[in-house]
Amino acid sequence: MADIQFDPSTHPHRRLNPLTGEHVLVSPHRTKRPWLGQTEPPQQSNLPQYDPQCYLCPGNTRAGGQQNEKYEHTMVFENDYAAVLPPPGPAAPPAPHPLLTTEPVQGGCDVICFHPRHDLTLARLPRKDIERIIDAWSAIYKRRGAQEGIKYVQIFENKGAMMGCSNPHPHGQVWSLSAVPTLPATELSNLKKYASSTPPSDAPRGPLGRACLLCDYVHFEVSVAQSEGRVVLKNEHWVALVPWWAIWPFEIMLLPYKRHVPSIVHLTAEEKAAFADILSQVTVRYDNLFSCSFAYSMGIHQRPVPPQSDAIPEDQDEENVAHLHLHFAPPLLRSASVRKFLVGFELMAEPQRDLTPEQAAQRLRGLSDVHYLNVADNADNVSATRGVDPTNS
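Given the structure is predicted, the values throughout are model-derived calculations rather than measurements.

Trainee: With reference to specific residues and values, describe the overall build of the protein chain.
Mentor: Of the regular secondary structure elements, the protein chain holds seven helices and 14 strands. Counting only C-alpha atoms, the protein chain reaches 70 × 70 × 50 Å along its principal axes. Every one of the 393 residues in the protein chain was classed for burial, and the buried ones make up 49%. Across the protein chain, the fraction of contacts at a sequence separation of at least 24, relative to all contacts at a separation of at least 6, is 70%. Here the protein chain displays about 19600 Å² of accessible surface, and carbon together with sulfur accounts for 54% of that area. Both charge centroids of the protein chain, one from 35 positive and one from 42 negative side chains, sit 3 Å from each other.

Dropping the structure here:
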């Protein structure tokens, strides 16, 4: 074998995601390949503050005929076109073959409007408004998680038309189900295996003093020199990083790193404020990357449902093996109009990426924490006060 020194920024290699047990193929030498494929239309950025045709604006009538309240902060309602229906449900039919089984699922789907203004997103909301969104997430998580038969509550947001978002009004969803879905179930299984098989390190620990996969992982990440690492930004309690095993070009994992936190209801007031702060900073950087309203899917992974009593101390409850974290999966690759597709080899074999996670983190770190539209607005205001036409016309 030739005496070639491996360079992760040049040579193809695979990386393991310990949360899922799956690999991603990294091909950094392909970043220079030309692109003649599909481009996306620009995301609309000149939305009105109020749209009389919007199903989610205050006071408007939704598609199902219900009228929205004239809300001033957040608004939560049951999805008019829910993916799952409340109990009671039918029994499973007999399987026509052992390989062809059916599992009835019941539950509920909620929509949460983040803000009454039609033209704002998380990236442009004040921290206090983001804290209100976190409060609403927590309230739905507790309410739905306490309902009989509910085994899992998934909080998520789809932002942008290319992510299937049907309405630009800032909103997210919460689906509650009678079964734990495949991806979080796999993560939880691997978290439990790690806790039972790995000696504790000097990182924060999970329940019963056992090792936590994500505590150990993030403890290592924050110790790596910034110039070599994957950390994008951090504050007193939270860190945002491009994970070692990232699939999407500018994928981010967001999680608390000072201690093991099982769910959003376990956050202290200071941790919740820091959560709102880093959510704002991450989404601002996303928008600044290509000077557009950056599309993504975001989901919260945590304990499937909150504890139903305080009988078991937090550090003794084995169900607290989950470590609260958020996944941001954004599709944009080279510009505001060129996106990544999971096709071909990635559908038939395993995911693949060109840009390394380290390179993606470096680009995101170098971006301003001031939203590009705020910079433009300030420039226009300065020009106006000086009697200068900001359009140069």
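Next, the rest of the story.
Trainee: Which residues make up helix 1 (residues 127–145), and what values go with them?
Mentor: Helix length check: helix 1, at 19 residues, gives a terminal C-alpha distance of 26 Å against a target of 27 Å (1.5 Å per residue), a fit within 8%. Considered for burial, the residues of helix 1 that qualify are Asp129, Ile130, Glu131, Ile133, Ile134, Ala136, Trp137, Ser138, Ile140, Tyr141, Arg144 and Gly145. Check the buried side of helix 1 and you find it contacts strand 3 (75–78), strand 4 (107–113), strand 5 (152–159), strand 6 (171–177), helix 4 (269–290) and strand 10 (296–301).

Trainee: Requested: an account of the side chain of Arg15, with residues and values cited.
Mentor: As for its placement among the helices and strands, Arg15 is situated in strand 1 (residues 13–17). According to the relative accessible area criterion, Arg15 is buried, its value standing at 1%. A distance of 2.9 Å separates a polar atom in the side chain of Arg15 from a polar atom in the side chain of Glu358. Excluding residues that lie within four positions of it along the chain, Arg15 makes contacts with Pro8, Glu22, His23, Val24, Val26, Trp244, Pro357 and Glu358.

Trainee: Requested: an account of helix 3 (residues 213–221), with residues and values cited.
Mentor: In terms of burial, helix 3 is a largely internal element, seven of the nine residues being buried. Taken residue by residue, helix 3 has Leu213, Leu214, Cys215, Asp216, Tyr217, Val218 and Glu221 as its buried positions. On its buried face, helix 3 sits against helix 2 (182–197), strand 7 (231–234), strand 8 (238–241), strand 9 (252–256) and strand 11 (325–329).

Trainee: So what's going on with the sheet that holds strand 10? Which residues, and what values?
Mentor: Read across the open sheet, the nine strands follow the order 3-4-6-5-10-11-9-8-7; overall the sheet is antiparallel. Two strands lie at the open edges of the sheet, namely strand 3 and strand 7, each paired on one side alone. Sheet twist, expressed as the mean angle between neighbouring strand axes with direction ignored, is 20°. Pairing of strand 3 with strand 4, which is carried by four bridges, proceeds in the antiparallel orientation. Looking at strand 4, one finds that Glu78 is bridged to Asp110.

Trainee: Let's hear about the pattern of salt bridges: which residues, and what values?
Mentor: Per the counting criterion, the structure on display carries 19 salt bridges. With a closest N to O distance of 2.9 Å, Asp80 and Arg62 form a salt bridge. Residue Asp80 is located in the loop between strand 3 and strand 4, and its partner Arg62 is located in the loop between strand 2 (22–26) and strand 3; the two are separated by 18 residues in the primary sequence. Taking relative accessible area as the criterion, Arg62 reaches 11% and is therefore assigned buried. Here Arg144 and Glu78 are joined by a salt bridge, their closest N and O atoms 4.0 Å apart. Of this pair, Arg144 sits in helix 1 while Glu78 is found in strand 3, placing the two residues 66 residues apart along the sequence. Here the residues in one salt-bridge network are Arg15, Glu221, Arg230 and Glu358, joined through shared partners.

Trainee: If you had to explain empty space enclosed by the protein to someone new, which residues and values would you point to?
Mentor: Per the stated rule, a full pass over the model turns up one cavity of 30 Å³ or more. Taken together, Tyr152, Pro184, Glu187, Leu188, Leu191, His301, Gln302, Ala322, His323 and His325 form the lining of the largest cavity. Counting residues per element, the lining of the largest cavity draws most heavily on helix 2, which supplies four residues.

Trainee: Can you break down unusual backbone geometry residue by residue, with the values?
Mentor: Omega for the peptide link from Pro87 to Pro88 comes to 5°, which places this bond in the cis form. Mapped onto the elements of the fold, Pro88 is located in the loop between strand 3 and strand 4. Of note, the phi angle at Leu208 is positive, near 65°, even though the residue is not glycine. On the secondary structure map, Leu208 appears in the loop between helix 2 and helix 3. What makes Leu208 partly exposed here is its relative accessible area of 33%.

Trainee: Can you break down the nonpolar core residue by residue, with the values?
Mentor: Nonpolar side chains in soluble globular proteins tend to be buried together. Core analysis: the largest hydrophobic core is formed by 55 residues, its most contacted members being Trp137, Leu254, Phe275 and Phe328. Take this core: its biggest share by element is nine residues, from helix 4. Residues contacting Phe328, with those up to four places away along its chain left out, are Glu251, Ile252, Leu254, Leu279, Val282, Thr283, Tyr286, Tyr296, Ser297 and Met298. Listed in part, the 19 residues of the second largest apolar core include Ala195, Cys212, Tyr217 and Val231.

The rules we used
- Residues numbered from 1 in each chain as written.
- Predicted model: local features only at pLDDT ≥ 70, side-chain atom pairs only at ≥ 80, totals over all residues.
- Heavy atoms only, no water.
- Helix = DSSP H or I, 4+ residues; strand = E, 2+ residues; numbered from the N terminus.
- Buried < 20%, exposed > 50% of the residue type's maximum accessible area, 1.4 Å probe, protein only.
- Contact = heavy atoms within 4.5 Å.
- Areas by Shrake-Rupley, 256 points an atom, 1.4 Å probe, with all protein chains shown as cover.
- Lys, Arg positive; Asp, Glu negative; His and termini not counted.
- Charge placed at Lys NZ, Arg CZ, Asp CG, Glu CD.
- Expected span 1.5 Å × (residues − 1).
- Polar contact = N/O pair within 3.5 Å; in protein donor to acceptor, adjacent residues only side chain to side chain.
- Pairing = 2+ DSSP bridges.
- Axes fitted to C-alpha atoms, helices over the stretch in contact; angles between N-to-C directions.
- Salt bridge = Lys/Arg side-chain N within 4 Å of Asp/Glu carboxyl O.
- 1 Å grid on protein atoms, 1.4 Å probe; cavity = no way out; pocket = protein on both sides within 12 Å on 5 of 7 lines; lining within 4 Å.
- Points joined across faces, edges and corners; volume = space filled by probe spheres on them.
- Core = buried A, V, L, I, M, F, W, Y, C linked by side-chain atoms within 4.5 Å.

The values are spatial; any link to function lies outside them.
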